[in-house]
Amino acid sequence: GVLMQPEVHTRQVISSFLADCRMRHEPCHAVDIGANNGWVSGMMLTLGVMNLTSVEPQPDLAGALRDTVRLNCWQDHAIVHSNAITLEISLDAKPVMMRGGYRLYHYTASGQRLDHYTYNTTWIYVGRVFSLSRYDLIKIDVDGIDGDLLEWLHRRVQERVISVETIVIECSGCSAHILWSFQQELGYHAYILD
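(A) Geometry of the pattern of salt bridges. Applying the stated criterion to the full structure yields six salt bridges. Note that Glu26 and Arg134 form a salt bridge whose closest N and O atoms lie 3.2 Å from each other. Taken together, the positions of Glu26 in the loop between α1 (8-18) and β1 (28-33) and Arg134 in strand β9 (residues 134-140) put the pair 108 residues apart, joining distant regions of the chain. Among the residues examined, Arg134 registers a relative accessible area of 24% and is labelled partly exposed. Arg70 is the salt-bridge partner of Asp67, the closest N and O atoms lying 3.5 Å from each other.

Here it is in C-alpha cells:
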C-alpha cells in the first residue's frame, strides 16, 4: 500500500528546486536519465519545465512516458529517448542479450565491457542527451553507471561547457573525489537524502 516510486525525497527535491519555473524570466531546462515510467519527468513538466530530455532504456516504460507527454500536450517541451545511455561516443557492436533477459553486455572498441541491467535496447551517447548549455535540474538514476555519468558531467561543468543548478543522483559508484570537487571547487552543496 506504499507508493515506492518516485522516492519521497526525490519528489521533495524536484518540487523545491523547480517550484518557481513558471515565474522565472528564462525557461527551465531539465534532464531525467533513468526516467522509469515518467513519474519524475511528468512532475518536472507539471512544474513548468519548458525543455525536458528524458532517457529510459525499457521500451514499455519509455512508451508510458511518451503517452503521458502526448496526453498532456507536452510534445513541444519534451524529448523521450528509449535508449540505454553510454559514455562511449561510438559503439562498434550491438549489445548481447544474456540468458535470463535482463543483463546486457556490450564490448567497446577498446575491449572494455559495459555492463548494464536493462532490456534489449539501443544505446545513446550521453553527449547527445545534453543539447543545451544550461540546465536547472539533472536527475540521474540508472542503477549502475551513476558515478561514471557524474564524472562525465563534472568534466563538462568544470570546463564550463554545461551549467547545472541542481543535480539529483542515486550515487551508485560515485567517487568521494568527484563529490568533494563538486563542493569545494565548483561551489555545490551536497546532501545525502534518506
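(B) Local environment of helix α2 (residues 39-46). Along α2, the positions that sit buried rather than exposed are Val40, Ser41, Gly42, Met44 and Leu45. Those residues of α2 that are buried are in contact with α1, β1, β2 (49-55), α3 (59-71), β3 (78-81) and β9. Of the residues flanking the end of α2, it is Gly48, one or two places downstream, whose phi is positive at about 110 degrees.

(C) Fine view of the packing of helix α5 (residues 146-158) against helix α6 (residues 176-184). At their nearest, the axes of α5 and α6 sit 10 Å apart, and the two run at 30 degrees to each other. What the angle tells us is that α5 and α6 run roughly parallel. Between α5 and α6 lies a crossing of left-handed hand. On the side of α5, the interface is formed by Leu150, Glu151, Leu153, His154 and Gln158, while α6 contributes Ile178, Leu179, Ser181 and Phe182.

(D) Main features of the sheet that holds β1. Strands sit in the order β3-β2-β1-β9-β10 across an open sheet of five strands; the sheet is parallel. At either margin of the open sheet sits one strand with a lone partner, and together these are β3 and β10 (163-169). Adjacent strand axes in the sheet meet at a mean angle of 15 degrees when their direction is disregarded. With four bridges joining them, β2 and β3 adopt parallel strand pairing. Considered in β3, the bridge of Ser54 is made with Val80. Across the sheet, α1 lies against β2, β9 and β10, angled at about 175 degrees from β9, the strand it touches most.

(E) View of the environment of His29. The topology assignment puts His29 in strand β1. Looking at His29, the relative accessible area reads 14%, which means it is buried. Taking the C-alpha atoms as reference points, His29 and Met50, 21 residues apart in sequence, are found 6.1 Å from one another. Leave out the neighbours within four places in its chain, and His29 touches Val49, Asn51, Leu132, Arg134, Tyr135, Asp136 and Leu137. Reaching out from His29, the side chain makes a polar contact with the side chain of Arg134 at a distance of 3.2 Å.

Parameters and conventions
Residues numbered from 1 in each chain as written. Predicted model: local features only at pLDDT ≥ 70, side-chain atom pairs only at ≥ 80, totals over all residues. Heavy atoms only, no water. Salt bridge = Lys/Arg side-chain N within 4 Å of Asp/Glu carboxyl O. Helix = DSSP H or I, 4+ residues; strand = E, 2+ residues; numbered from the N terminus. Buried < 20%, exposed > 50% of the residue type's maximum accessible area, 1.4 Å probe, protein only. Contact = heavy atoms within 4.5 Å. Axes fitted to C-alpha atoms, helices over the stretch in contact; angles between N-to-C directions. Parallel < 35°, antiparallel > 145°, perpendicular 65-115°, else oblique. Left-handed = near helix turned anticlockwise from the far one by under 90°. Pairing = 2+ DSSP bridges. Polar contact = N/O pair within 3.5 Å; in protein donor to acceptor, adjacent residues only side chain to side chain.

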